[in-house]
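As a plain string of letters, each chain reads:
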4 protein chains.
Amino acid sequence: MDFLSDNAAGVHPTVLKAVADAAGPEPSGYDADRWSTRLDAAFSALFETPVRAFAVPSGTAANGLGLAALVPGYGGIWCHTEAHIHIDEAGAVPFFTGGASLLLVPGAGGKLGIEALDAAASRHRGDVHQIQPAALSLTQATESGTSYSPDEIAALAGWAKARDLQVHMDGARFANAVAHLGCAPADVTWRAGVDVLSFGCIKNGGMSSEAVILFQPDRAASLPVRRKRAGMMPSKGRFAAAQLLAMIEDGLWLETARGANAGAARIAAAAPSRLLHPVQANEVFLRLTEAERAALRALGFGFYDWELDGPEAARFVVRWDQPPDAVEALAGALAALA
Amino acid sequence: MDFLSDNAAGVHPTVLKAVADAAGPEPSGYDADRWSTRLDAAFSALFETPVRAFAVPSGTAANGLGLAALVPGYGGIWCHTEAHIHIDEAGAVPFFTGGASLLLVPGAGGKLGIEALDAAASRHRGDVHQIQPAALSLTQATESGTSYSPDEIAALAGWAKARDLQVHMDGARFANAVAHLGCAPADVTWRAGVDVLSFGCIKNGGMSSEAVILFQPDRAASLPVRRKRAGMMPSKGRFAAAQLLAMIEDGLWLETARGANAGAARIAAAAPSRLLHPVQANEVFLRLTEAERAALRALGFGFYDWELDGPEAARFVVRWDQPPDAVEALAGALAALA
Amino acid sequence: MDFLSDNAAGVHPTVLKAVADAAGPEPSGYDADRWSTRLDAAFSALFETPVRAFAVPSGTAANGLGLAALVPGYGGIWCHTEAHIHIDEAGAVPFFTGGASLLLVPGAGGKLGIEALDAAASRHRGDVHQIQPAALSLTQATESGTSYSPDEIAALAGWAKARDLQVHMDGARFANAVAHLGCAPADVTWRAGVDVLSFGCIKNGGMSSEAVILFQPDRAASLPVRRKRAGMMPSKGRFAAAQLLAMIEDGLWLETARGANAGAARIAAAAPSRLLHPVQANEVFLRLTEAERAALRALGFGFYDWELDGPEAARFVVRWDQPPDAVEALAGALAALA
Amino acid sequence: MDFLSDNAAGVHPTVLKAVADAAGPEPSGYDADRWSTRLDAAFSALFETPVRAFAVPSGTAANGLGLAALVPGYGGIWCHTEAHIHIDEAGAVPFFTGGASLLLVPGAGGKLGIEALDAAASRHRGDVHQIQPAALSLTQATESGTSYSPDEIAALAGWAKARDLQVHMDGARFANAVAHLGCAPADVTWRAGVDVLSFGCIKNGGMSSEAVILFQPDRAASLPVRRKRAGMMPSKGRFAAAQLLAMIEDGLWLETARGANAGAARIAAAAPSRLLHPVQANEVFLRLTEAERAALRALGFGFYDWELDGPEAARFVVRWDQPPDAVEALAGALAALA
């Protein structure tokens, strides 16, 4: 009964079948095959606007490449102190951008707020002696399992645009946020001012491909060559593209995300007083004493202590393929603790 | 009847099955799953020496990452004027290494030779005002479809070691070279002085994963973090590892390569006087007039003109899954030309 | 009566004369002239140990190049939240190192402390998903005008060495710190565990050259070529070297620093209750209301508001060539405020 | 009697005096002093068009920074096989640009020609798998002591513009070229299509400063911050600016260049049948047997063998401050050889 990570999830049968269906010989390699050439149109339909979409092999790659399209090597990126690009990507942003720096801003519930951004920006002169802010990076859903509303994103993106900053969104769990919000994907991206999105699939039923989505196709000029020189333009590009198409063309991405979110909501409902953050995606952060955590583990539940949220915090992630039994068992165990 | 590229090849059913077998949930992500943790041992067995093996999503990635483990940003890499790292990787080497430069050396048949290296090295002072040579990169099989013998590699690697240079091998078609030579994989790698190998699988029946092999495991210290920050450490690492294991654990990689080589040999035998290079892998380079090329294309054969070899050159690549009929048809058509 | 910055200082006549004396033709360019070839010996004598010394054109260059000799592109550098390398060098560290990240740690009085470092390090897992800490950077004297004692540096360097980290010192005002401490230069550098020092001269009577000092000469292998490819190996190297020699060979660097420190001490003595930090170099940070600051400016005193220290903070920097009259006038004006 | 290098030259008294005149305290640091703030206007006057001018500490720095303003990290730069940026700058171009590659083109007399560029470009597909050409770099005067005429530059720049490439000029000996051509500086730069110029002073009577000149000031947006983060924005910027102003404001740069050129012409006239290249600046390349070279050296003449021009080639560089006696002596010795 493993709630450690959605990276432990399996691959959805539809995705697996799509990969298998692409397995035969194909006259065109790289991005010229029958799957890759459909990516732009499929994502444009999903987002109700013309976009450029590029398959990449990881969320780190998506963030690094997407930010490299926006930010020069001498630029800076405002982001949350707990952003994955800061905490868990081993310096991918300076690697892909040629040296850009992360400018960290704190915020409760994993969210950036205008006030904190203003405070940080007011301490940053921005003259030639300093890092030149060039972008704002948001995470949707956040690292704390919360989701920005369309209005929140529009406000933050507006703050950025007023300062001539580009807006990047790390959407490793974008599907969970959209499923939670019940909005159109466009509402929390380009309509709200987002320029580039890392569209996550792997945690959500995919196998080995995420997508970088550029909402300003004319800014995409450098992305193909940046992707190629980063070793991320696969010679058999159809396998990456087929996964992405399988996820989005018939709404699978939202279906799997809804399932995972429902599990998280079920767990949250079992321990409402323990919640450290609102549950607005597929992650649940709970206040649990050391003894309580030990007791749960003794029952066979796997989860991480989450020291970023304090000494008594634990994180439970619900996968798209989490057995309902396991969710119920955890809910029951949590209810029994109190 | 497409002889354009082995990138057009399908995925071998054994590889596809391995991927499908890994599709369920797996408690451990990244490189801790049951497949990824077997990679080092499997490649160590294949190479008869302890190695470190890292899955990466493309040959460009393998070359870039492997060279980054050997060469500092201020370093230089001796390589052939037609090396893939120079011609077809969009600057991946400077990207991954932080600025290293390629030092180009010509050579017939796609091969580097000691004499040409000596000549180039003698013109390169190597003082502080110049690029600091740090590695020699060989391609096996070469871009001209030839293969270095173990002795040739030993001589070249010896030349490198005498100058304190590391030795890198781009093995996008390593399997074809080994199948042709009939030697042990070790004979054309570490036993001959190679330090890092890009072990190709994708062209040869794989799906989306190549491997970087380090023959001096103690030099591998930086590779895991370099790979992570390059966005190439997949969160569901098992799918990459499973492909590689499927290729090497039961000799599939040599079986598919032998098949492709045999097709190339059949074609070569049909037009021996037209051969531009010895056929020592799965590529055939032929002298064909414009009219002859047009005639072949009219018959339905796909292939590239190959201007690097002159105005009357054409390249035919035989895939591991090339239908024998197509090979026979091409052989017949070539024989009929004369 | 300008107390804005020691960058406003003039050039000491001894330095100017040294430059003029080097103005004739010189058979050897770059680093082979009669001045450049003496640098290592002169700095080795100053530091009582064999060192390598490299002239560079700015403190930013010294820090960037020195850290590049210690830290790989995937590395991290623990430093103070107000460190010049973070606040005022426009991203030079990622530029010179190929992407290294600064890991910020707060501390009163501009100083890093073991407790804060421990706290920060305990939140940094350091696994392959994270920035790999590789160095600790200290500033001596600090940005708050305080100086680390030899024992403090030894403790911090010990903390670093226990974690296999290299130790860098930004010594833009190293002279002022040594003059204040009255210790040997070695006592606050290599004897205490410092590996690389940016030795400042420009603020302290120099013209256009600082020095990078490597206390482990065998680690210096890459520095000459890094410096050359960074465009910092001047073809007429004698002018940079002559400045540095003029500063250190006869103790001028300490003489000018003592003068500046004395001025700062005089000012501090005039307003002891207003001091925001102990005055241990040539900078004085004072609590002054907006009205008081306006009054001082009306009297002709130039200085910066210093918001990093709060809304009522002001910074006064005493130059080596500050006219004693101006110091006395400021001391008098401050005393008269109360 | 040293003809090894113009880097051995002294500093012109006018430049030295300008430095001395700037030695006093100056209220404004960095680029805000009374000298730095005049740079743009002075160079704009010299070039008869509005330009931005930035002082940098070396020719390598000028080339690196200037190209970084034009070329992205994934870009390529067409240049001569003997270009200083390729042969003698230790990889500065990839360092400053974040990885750009040099695309080498041969040419007699150190010059690039349209035919050779066409041939090289025709072999470079330029698709996403390849380096993306972004600039053409010319050297004026060339490494072979020849100078491009205004028409030649216009033709080359036209070739570049037709391919959407920026044009960079390495002008380490720009003064010698202009002095030889007798044209306006504008005629061989922006009027002919040059976008960025490295304006050399150090070899020509300067001390420690060159200039980057941007002829499209709106392209200069990133240069100040690139220069700062490269450690090349001196805190006492007046010393660099004063040197540049002393060189250009009263025509000194052409006066010193004319003197050096005259010396080279005198030497060339003494050995016309030995000339390997036309003498169009201050360098003379001569065919001399090993015995002849030994004889000249026995007479006390210093010069380099020049293997790039063959086994019997020697290079003589005339400095701006070369004693006329030495020139006459060399001319006499050469005449006596035959």
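You'll find the structure just up there.
Calculation rules
- Residues numbered from 1 in each chain as written.
- Chains lettered and ligands numbered in written order.
- Predicted model: local features only at pLDDT ≥ 70, side-chain atom pairs only at ≥ 80, totals over all residues.
- Heavy atoms only, no water.
- Axes fitted to C-alpha atoms, helices over the stretch in contact; angles between N-to-C directions.
- Helix = DSSP H or I, 4+ residues; strand = E, 2+ residues; numbered from the N terminus.
- Parallel < 35°, antiparallel > 145°, perpendicular 65-115°, else oblique.
- Left-handed = near helix turned anticlockwise from the far one by under 90°.
- Contact = heavy atoms within 4.5 Å.
- Phe/Tyr/Trp six-rings, centres within 6.5 Å; stacked < 30°, edge-to-face > 60°.
- Buried < 20%, exposed > 50% of the residue type's maximum accessible area, 1.4 Å probe, protein only.
- Lys NZ or Arg CZ within 6 Å of the ring centre and 35° of its normal.
- Pairing = 2+ DSSP bridges.
- Core = buried A, V, L, I, M, F, W, Y, C linked by side-chain atoms within 4.5 Å.
- Buried area = accessible area lost by both parts, 1.4 Å probe.
- Salt bridge = Lys/Arg side-chain N within 4 Å of Asp/Glu carboxyl O.
- Nonpolar A, V, L, I, M, F, W, Y, C, P; charged D, E, K, R; others polar.
- Least-squares fit on C-alpha atoms with pLDDT ≥ 70 in both.

**Comments concerning the packing of helix α2 (residues 39-47) of chain C against helix α10 (residues 238-248) of chain C**
Residue and element names in this part refer to chain C.
Turning to step 1, where the next piece is worked out: Remark: α2 packs on α10, axes separated minimally by 10 Å, with the N-to-C direction vectors making an angle of 25°. As judged from the angle between their axes, α2 and α10 are roughly parallel. In this structure, α2 meets α10 at a crossing whose hand is left-handed. Between α2, through Leu39, Ala42, Phe43 and Leu46, and α10, the contact on the second element is made entirely by Ala241, Leu244, Leu245 and Ile248.

**Some thoughts on the packing of aromatic side chains**
Turning to step 1, where the next piece is worked out: If you walk through the whole model with that rule in mind, you get 58 aromatic pairs over all chains.
Turning to step 2, where the next piece is worked out: Pairing Phe95 of chain B with Phe96 of chain B gives two aromatic rings, centres 5.3 Å apart and planes at 80°, and the pair type is edge-to-face. In terms of burial, Phe95 of chain B and Phe96 of chain B fall into one category: buried.
Turning to step 3, where the next piece is worked out: Look at Phe43 of chain D and Phe199 of chain D: their rings are 5.2 Å apart centre to centre, the planes differ by 80°, and that puts the pair in the edge-to-face class. Of this pair, Phe43 of chain D sits in helix α2 (residues 39-47) while Phe199 of chain D sits in strand β6 (residues 196-199); the two residues are 156 residues apart in sequence, bridging distant segments of the chain.
Turning to step 4, where the next piece is worked out: The exposure class of Phe43 of chain D is buried, given its relative accessible area of 0%.
Turning to step 5, where the next piece is worked out: Following the ring pairs from residue to residue traces out a cluster consisting of Phe43, Phe47, Phe174, Phe199, Phe215 and Trp253 of chain A.
Turning to step 6, where the next piece is worked out: Between Arg297 of chain A and the ring centre of Phe303 of chain A, over which it is positioned, the NZ or CZ distance is 4.1 Å.

**Remarks on the sheet that holds strand β7 (residues 210-214) of chain A**
Backbone hydrogen bonds hold the strands of a sheet together, and the pairing may be parallel or antiparallel.
All names here are of chain A.
Turning to step 1, where the next piece is worked out: An order of β1-β7-β6-β5-β4-β2-β3 is seen for the 7 strands of this open sheet, with the pairing classed as mixed. On the outer flanks of this sheet lie β1 (52-56) and β3 (101-105), each paired with one strand and no other. With strand direction ignored, the average angle separating the axes of adjacent strands in the sheet is 25°.
Turning to step 2, where the next piece is worked out: In this structure, strand β2 (residues 75-80) lies alongside β3, joined through 5 bridges in parallel fashion. Residue Cys79 lies in a different strand from β3, and its bridge partner there is Leu104.
Turning to step 3, where the next piece is worked out: Relative to strand β5 (residues 166-171), helix α7 (residues 150-162) is tilted by about 145°, and along the sheet it contacts β2, β4 (132-139) and β5.

**Details of the nonpolar core**
Turning to step 1, where the next piece is worked out: In terms of nonpolar packing, the biggest core is built from 123 residues, with Phe43 and Phe199 of chain A together with Phe43 and Phe199 of chain B touching the most fellow members.
Turning to step 2, where the next piece is worked out: Discounting residues that sit within four places of it in the chain, Phe43 of chain A has contacts with Val51, Ala53, Phe199, Ala211, Ile213, Leu244 and Ile248 of chain A.
Turning to step 3, where the next piece is worked out: Counting residues in hydrophobic clusters, the runner-up holds 122 residues, among them Ala42, Ala53, Met169 and Phe174 of chain D.

**Section: the interface of chain A and chain B**
Turning to step 1, where the next piece is worked out: Taken together, the contact pairs 43 residues of chain A with 43 residues of chain B.
Turning to step 2, where the next piece is worked out: In total, about 3500 Å² of surface goes out of reach between chain A and chain B, with carbon and sulfur atoms giving 59% of it.
Turning to step 3, where the next piece is worked out: On the surface where chain A and chain B come into contact, there are 0 salt bridges.
Turning to step 4, where the next piece is worked out: Looking at the side of chain A that touches chain B, the elements with two or more residues in it are α1 (13-21), α3 (59-68), α5 (92-97), α9 (223-229) and α10 (238-248) of chain A.
Turning to step 5, where the next piece is worked out: Classifying every residue of the side of chain A that touches chain B gives 22 nonpolar, 10 polar and 11 charged.

**Remarks on the relation of the copies chain A and chain B**
Turning to step 1, where the next piece is worked out: Overlay of chain A on chain B (RMSD 0.0 Å): rotation 180°, translation along the axis 0.0 Å. The transformation relating the two chain copies, once decomposed into turn and shift, fits a two-fold axis.
Turning to step 2, where the next piece is worked out: Both copies present the same face, since 100% of the interface residues in chain A are matched by interface residues at the equivalent positions in chain B.

**As for the interface of chain C and chain D**
Turning to step 1, where the next piece is worked out: With 43 residues of chain C in contact, the opposing surface of chain D contributes 43 residues.
Turning to step 2, where the next piece is worked out: Carbon and sulfur atoms supply 59% of the area that chain C and chain D bury against each other, a total of about 3500 Å² over both sides.
Turning to step 3, where the next piece is worked out: In terms of surface lost to chain D, no three residues of chain C exceed Phe95, Arg229 and Lys236 of chain C, which account for 21% of the buried area on that side.
Turning to step 4, where the next piece is worked out: The interface formed by chain C and chain D includes 0 salt bridges.

**Overview of the relation of the copies chain C and chain D**
Turning to step 1, where the next piece is worked out: The transformation that overlays chain C on chain D combines an axial shift of 0.0 Å with a rotation of 180°, and the residual RMSD is 0.0 Å.
Turning to step 2, where the next piece is worked out: Take the interface residues of chain C: 100% of them recur as interface residues in chain D, which is what a same-surface contact looks like.

**Digging into the packing of helix α8 (residues 174-181) of chain A against helix α11 (residues 252-270) of chain A**
All names here are of chain A.
Turning to step 1, where the next piece is worked out: The interhelical angle for the contact between α8 and α11, taken along N-to-C directions, is 75°, at an axis separation of 8 Å. One element, α8, and the other, α11, form an angle in the roughly perpendicular class. Contact with α8, carried on its side by Phe174, Ala175, Asn176, Val178, Ala179 and His180, involves Trp253, Leu254, Ala257, Arg258, Ala260 and Asn261 of α11 and no other residues of that element.
Turning to step 2, where the next piece is worked out: In the contact of α8 with α11, the residues fall into 8 nonpolar, 3 polar and 1 charged.

These figures come from the coordinates and say nothing about function on their own.
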